Amino acid sequence: MDKHLVCLDLDGTLLTDEKNISPYTKKVLTTLKQQGHELMISTGRPYRASVPYYKELKMTTPVVNFNGAFVHHPTDFDFQIMHETLDKEVTKEIAKKVPELNIKNIVAEIKDNIYIHYHDSVLFDAFTMGNPKISVGELQDTVTEDVTSILVQAEESEMPHIRKTLDELFAEVIEQRRWGAPYPVLEIIKKGINKAVGVDYAREYLGIPQSRTIAFGDEDNDTEMLQYVEHGVAMKNGIDDIKNVSKYITEYNNNNDGIGHFLNEFFDLRLKP
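Mind showing me how you'd approach the pattern of salt bridges here?
Opposite charge on two side chains permits them to pair, given that their charged atoms come into close proximity. A complete count under the given rule lists 19 salt bridges for this structure. A salt bridge links arginine 212 to aspartate 2; its shortest N-O distance comes to 3.8 Å. Here the residue arginine 212 occupies a position in the loop between α8 (195-206) and β12 (213-217), and aspartate 2 occupies one in the segment before β1 (5-8), the gap between them amounting to 210 residues. You can call arginine 212 partly exposed: its relative accessible area is 23%. For arginine 203, the salt bridge goes to glutamate 204, with nearest N and O atoms at 3.8 Å. A relative accessible area of 12% places arginine 203 in the buried class. Judged by its relative accessible area of 54%, glutamate 204 falls in the exposed class. The network of salt bridges with shared partners includes Asp9, Lys195 and Asp222.

Would you mind going over the sheet that holds strand β4 (residues 70-72) with me for this structure?
Strand order in the open sheet formed by three strands is β3-β4-β5, with antiparallel pairing between adjacent strands. Looking along the sheet, the strands with just one partner apiece sit at the ends: β3 (63-65) and β5 (82-83). As judged from the three bridges shared by β3 and β4, these two strands associate in the antiparallel manner. Note that in β4 the partner of valine 64 across the bridge is valine 71.

How should the sheet that holds strand β13 (residues 231-234) be read in this particular structure?
One key point about sheets: their strands pair by backbone hydrogen bonds, in either a parallel or an antiparallel sense. The strand order across the open sheet built from five strands is β2-β1-β12-β13-β14, with neighbouring strands paired in parallel fashion. Across the chains shown, the open sheet's two edge strands, defined by having one partner strand only, are β2 (38-41) and β14 (248-249). Across the face of the sheet, helix α11 (residues 258-266) comes into contact with β1, β12, β13 and β14 while running at roughly 160° to β12.

Before we go on, may I ask you to explain helix α2 (residues 23-34) in this structure?
Quick reminder: α-helices carry 3.6 residues per turn. Residues three or four places apart thus point the same way. Taking 1.5 Å of rise per residue, the 12 residues of α2 would be expected to cover 16 Å, and the 16 Å separating its terminal C-alpha atoms lies within 8% of that figure. Within α2, the full set of buried residues consists of Tyr24, Thr25, Val28, Leu29, Thr31 and Leu32. Looking down the long axis of α2, one finds its buried residues gathered within 155° of arc, a one-sided arrangement. Opposite its buried face, α2 presents the exposed residues Pro23 and Gln34, each directed more than 90 degrees away. On the buried face of α2, the contacting elements are β1, α1 (10-14), β2 and α11. In the segment just after α2, glycine 36 is the residue with positive phi, at about 105°.

What should I look at first to understand the environment of glycine 36 in this one?
Among the secondary structure elements, glycine 36 is positioned in the loop between α2 and β2. The spacing of glycine 36 and threonine 61 is 25 residues in sequence and 12 Å in space, taken between C-alpha atoms.

Which parts of the structure should I look at to understand the side chain of lysine 92?
Tracing the sequence through the fold places lysine 92 in helix α4 (residues 88-96). Other than its neighbours up to four places away in sequence, lysine 92 contacts Leu139, Gln140 and Val143.

Looking at this model, I keep getting lost on unusual backbone geometry. Mind explaining?
Among all residues save glycine, negative phi is the norm, and among peptide bonds the norm is trans. We note that lysine 19 has phi near 65°; this positive angle belongs to a residue other than glycine. Mapped onto the elements of the fold, lysine 19 is located in the loop between α1 and α2. By relative accessible area, which is 22% here, lysine 19 ends up partly exposed. With phi around 50°, lysine 58 is a residue other than glycine that occupies positive phi space. Mapped onto the elements, lysine 58 comes out in the loop between α3 (51-56) and β3.

When you look at the pairing of strand β7 (residues 113-116) in this model, what are you seeing that I'm missing?
Taken residue by residue, a regular strand's side chains alternate between the two faces of the sheet. In this structure, strand β6 (residues 105-110) lies alongside β7, joined through four bridges in antiparallel fashion. The partner of alanine 108 across the bridge, within β7, is tyrosine 115. Hairpin connection, β6 to β7: the antiparallel pair is bridged by two residues, and lysine 111 has positive phi, about 55°. Relative to strand β8 (residues 133-136), β7 runs parallel, the two being bridged by four bridges. Paired with isoleucine 116 across the strands is valine 136, a residue of β8.

Thresholds applied
- Residues numbered from 1 in each chain as written.
- Predicted model: local features only at pLDDT ≥ 70, side-chain atom pairs only at ≥ 80, totals over all residues.
- Heavy atoms only, no water.
- Salt bridge = Lys/Arg side-chain N within 4 Å of Asp/Glu carboxyl O.
- Helix = DSSP H or I, 4+ residues; strand = E, 2+ residues; numbered from the N terminus.
- Buried < 20%, exposed > 50% of the residue type's maximum accessible area, 1.4 Å probe, protein only.
- Pairing = 2+ DSSP bridges.
- Contact = heavy atoms within 4.5 Å.
- Axes fitted to C-alpha atoms, helices over the stretch in contact; angles between N-to-C directions.
- Expected span 1.5 Å × (residues − 1).
- Arc of directions from axis to C-beta.

So, in structure tokens, the structure goes:
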């Protein structure tokens, strides 16, 4: 079979709830790689939080991080990095809205530099993977350059009002996406940027036509990617909106080799669990 590009979201998709790649899914993906197909991570996570899985699957492709805002190649230093940032002044304006919008906390990321508005030990634990540089303080004061992404943490009941307000104020310059497990928050990146943009950029580099692309996802931030690829696959455990825009839905969820079973059948590998 001609070479395909398989794009993998991480949380709730490739990874189990324990944040592991299950043995059967790993066997299927390893077999596809041995057959010459390309595997690629496309995630809302930064690279430092996706590199363990990149290495586990022995990938040799670019990585799409921050929902498409940062695309780089860990082993090809000639690869032209794509880094789409959000104006720092927009970040500061959003940070000023923290009290009136009942935002519990707000985090700005610039590659591997992290700026946390309020000190929070839970957030510290969540962001320490990869030993990033962490600064604490009001973002109006600490952020001095354009940012890769902003994460807004709030009670679920406050999210609709927050999204509506931010859309009214900044719709022309920001994209908003809900980021699911493990940390349900609102992610904000530059207008026009999403996973599909990152996947398309990497696909062209790899020389694989769009007609031979497959992607798996489960959350709001996977929408454009699943619409862009030829074979968009929603996880059984995915949200309804994702299932509605996808060509396929896995028979099993992320804890029961949803990706492994789908790809085994799609490529007729005949591998048994």
